[in-house]
Amino acid sequence: MTIKNEYLRMGKFIYTACQHGGDTSDVYKWMADDLGVALPSGGDRLPERELLYTAFLAKHDSDDEFQANHERFVHALKCRKA
């Protein structure tokens, strides 16, 4: 996967979170839960964020897997708003 595709995929999650009243912390929590790891402390610090992104993108490498996970994320955000 190219760097451009990685940024596009993560941007899709961040944009979606913002559309539904969330922020990047919701994306970090989603990725950590999906990976079954603890949410790194330190909030928006680059090394922890990059580790989550890298592992998450590796787990959902195919377009279909990524899209299915994104749809679950959207559903979770919508349920939270309801």
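Starting from 1, residues in each chain are numbered consecutively following that chain's sequence as written. Local features in a predicted model are, by the rule used here, given only for residues with pLDDT of at least 70; side-chain atom pairs are given and counted only at 80 or more, and totals for whole chains, interfaces and linings are based on all residues. Side-chain descriptors were evaluated using all non-hydrogen atoms of the structure, hydrogens and water having been removed beforehand.

Novice: Please give an account of the nonpolar core that cites residues and values.
Specialist: Nonpolar side chains in soluble globular proteins tend to be buried together. Put simply, buried Ala, Val, Leu, Ile, Met, Phe, Trp, Tyr and Cys residues joined by side-chain atoms within 4.5 Å make one nonpolar core. Under the scheme applied here, a residue whose accessible area is under 20% of the maximum for its type counts as buried, over 50% as exposed, and between as partly exposed, the area being computed with a 1.4 Å probe on protein chains only. Residues M10, F13, V27, M31, F56 and F73 are the most contacted members of the largest nonpolar core, which totals 15 residues. A run of H or I in DSSP becomes a helix once it reaches four residues, and a run of E becomes a strand once it reaches two; helices and strands are each numbered from the N terminus. Those elements giving two or more residues to this core turn out to be α1 (3-19), α2 (24-35), α3 (46-59) and α4 (63-81). Contacts between residues were defined by any pair of non-hydrogen atoms, one from each residue, lying within 4.5 Å. When residues no more than four places from it in sequence are discounted, the contact partners of F73 are F13, T16, A17, D26, V27 and W30.

Novice: Break down the packing of aromatic side chains for me, citing the residues and quoting the values.
Specialist: Here is the rule: rings of Phe, Tyr and Trp (six-membered ring for Trp) pair when centre to centre is within 6.5 Å. Planes less than 30 degrees apart are stacked, more than 60 are edge-to-face, and the remainder are tilted. A complete count under the given rule lists five aromatic pairs for this structure. Aromatic side chains F13 and F66 sit 5.4 Å apart centroid to centroid with 75° between the ring planes, which places their arrangement in the edge-to-face category. Taken together, the positions of F13 in helix α1 and F66 in helix α4 put the pair 53 residues apart, joining distant regions of the chain. Each member of the pair, F13 as well as F66, carries the same accessibility label: buried. Considering the side-chain rings of Y28 and Y53, the 6.3 Å spacing of their centres and the 40° angle between planes classify their relative orientation as tilted. One end of the pair, Y28, is in helix α2; the other, Y53, is in helix α3, with 25 residues separating them in the sequence. Take Y28: its relative accessible area is 7%, and that puts it in the buried class. With relative accessibility at 17%, the residue Y53 sits in the buried group. Three or more aromatic residues joined by ring pairs form one cluster here, namely F13, W30, F56, F66 and F73. The ring of F66 carries the charged tip of R9 above its face, separated from the ring centre by 4.5 Å. Should the NZ of a Lys or the CZ of an Arg lie within 6 Å of a ring centre and within 35 degrees of the ring normal, that charge is described as sitting over the ring.

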